[in-house]
Amino acid sequence: SELSGVVEYRNVTFAYPGAESPVLSNISFTARPGQTIAIIGSTGAGKTSLLSLLPRLYDAAEGEVLLDGVPVNNLDHAEITKRVALVPQRPYLFSGTIEHNLRFGKTDATDQELWEALRVAQGESFVREKSKALESRISQGGTNVSGGQRQRLCIARALVTKPRVYLFDDSFSALDVATDARLRAALKDTTADATVIIVAQRVSTITEADQILVLDNGRIVDRGTHEELLETSPTYQEIVES
Ligand code: GTP
Ligand code: MG
């Protein structure tokens, strides 16, 4: 389609409003449909800040973030959210039913679409096991589901919107290694034509990424595949060994 989902960061520098020094400096990379780009780096490196610029939670001070060749600063939120889904680091659920939570980004989704999204997100069985299934209530802040279940519901919510670009911010950290692996295998099929940008803590989550960006103190210090970085990047080696 004409909305292909090419993401480009061009020499992006960003400081939070009122802050003296930038948290991101001179960030450049391109992510294309069919690719998975991973971002890894220590806590505070700027991974969440980097993702936040595409859906315009903040705007970059210098440089440009482009979506299909158009600076996002020229696009409104509705145009961006039609193409981009962000699964935030702290996944949020609303008080209401599971169904209500899953339809948040696409109110006309069918039940079948909701179940398909749950299947991919590895959330099908725990929702089926609830007596009211999709009509089960989530309490305020989602306190009656576990952290891992909350993450999977938020991943399913993103899948329901069928975006061109997925942004996963540390979305797999609350899952055990086996569930993480199953989820990524299912996602790989479903998101095969989309652009996927994934922030991860665990190296095992991103070893198959087409390109890994190593972020340190707001800068991309190294980039390459897992195998390339193992050879060339001391920062990456440290992360692997930690
Ligand atoms: P982890 O999620 O802990 O792995 O870190 P991260 O790599 O996602 O870092 P993040 O982008 O959240 O933060 C980068 C830097 O920006 C840190 O020094 C934060 O303290 C700072 N920061 C994050 N959010 C805000 C904000 O809303 N305002 C201000 N002023 N600083 C922020
Ligand atoms: Mg973060």
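Residues numbered from 1 in each chain as written. Chains lettered and ligands numbered in written order. Predicted model: local features only at pLDDT ≥ 70, side-chain atom pairs only at ≥ 80, totals over all residues. Heavy atoms only, no water.

1. Side note on the overall build of the chain
- Looking only at helices and strands, the chain features nine helices and twelve strands.
- Scaling as 2.2 N^0.38, a compact globule of 242 residues should have a C-alpha radius of gyration of about 18 Å, and the chain matches this with 18 Å.
- Counting over 242 residues, the chain shows a buried share of 48%.
- Side-chain charges in the chain split into 25 positive and 32 negative, and the spacing between the mean points of these groups amounts to 7 Å. (Helix = DSSP H or I, 4+ residues; strand = E, 2+ residues; numbered from the N terminus. Rg over C-alpha atoms; globule rule 2.2 N^0.38 Å. Buried < 20%, exposed > 50% of the residue type's maximum accessible area, 1.4 Å probe, protein only. Lys, Arg positive; Asp, Glu negative; His and termini not counted. Charge placed at Lys NZ, Arg CZ, Asp CG, Glu CD.)

2. A few points about the coordination of the magnesium ion (ligand 2)
- Within the protein, the magnesium ion (ligand 2) binds to Thr 48 (OG1) and Gln 89 (OE1); these donor distances fall in the range 2.0 to 2.3 Å. One end of the pair, Thr 48, is in helix α1 (residues 47–52); the other, Gln 89, is in the loop between β6 (84–87) and β7 (96–97), and 41 residues separate them in sequence.
- Exposure remark for Gln 89: the relative accessible area of 31% places this residue in the partly exposed category. (Donors = N, O, S within 2.8 Å, 3.2 Å for Na, K, Ca; no water.)

3. A word on the sheet that holds β6
- The sheet built from six strands is open, its strands ordered β6-β9-β10-β3-β11-β12 with mixed pairing. Looking at the sheet topology across the chains shown, the edges are occupied by β6 and β12 (219–224). For this sheet, the mean inter-axis angle between neighbouring strands, taken without regard to orientation, is 15°.
- The pairing of strand β3 (residues 36–40) with strand β10 (residues 195–199) spans four bridges and is parallel. Considered in β10, the bridge of Thr 36 is made with Val 196.
- Most of the contacts of helix α6 (residues 147–160) go to β6, to which it runs at about 180°, and overall it touches β6 and β9 (165–169). (Pairing = 2+ DSSP bridges. Axes fitted to C-alpha atoms, helices over the stretch in contact; angles between N-to-C directions. Contact = heavy atoms within 4.5 Å.)

4. Here's the deal with α6
- Here α6 contains 14 residues, and its C-alpha end-to-end distance of 20 Å stays within 8% of the 20 Å for a straight helix at 1.5 Å per residue.
- In terms of burial, α6 is largely enclosed, as twelve of its 14 residues are buried.
- Here α6 has its buried residues at Gly 148, Gln 149, Gln 151, Arg 152, Leu 153, Cys 154, Ile 155, Ala 156, Arg 157, Ala 158, Leu 159 and Val 160. (Expected span 1.5 Å × (residues − 1).)

5. A few points about the site of ligand 1
- Surrounding ligand 1, one finds 13 residues, the nearest of these being Thr 43, Lys 47, Thr 48, Ser 49 and Gln 89.
- Note that an oxygen atom of ligand 1 is positioned 3.3 Å from one of the backbone N or O atoms of Ala 45.
- One of the side-chain N or O atoms of Gln 89 is found 2.7 Å from an oxygen atom in ligand 1.
- Its free accessible area being 660 Å², ligand 1 has 60% of it covered by the protein chains.
- Of the residues in the shell around ligand 1, the class split is four nonpolar, eight polar and one charged. (Near = heavy atom within 4 Å. Polar contact = N/O pair within 3.5 Å; in protein donor to acceptor, adjacent residues only side chain to side chain. Areas by Shrake-Rupley, 256 points an atom, 1.4 Å probe, with all protein chains shown as cover. Nonpolar A, V, L, I, M, F, W, Y, C, P; charged D, E, K, R; others polar.)

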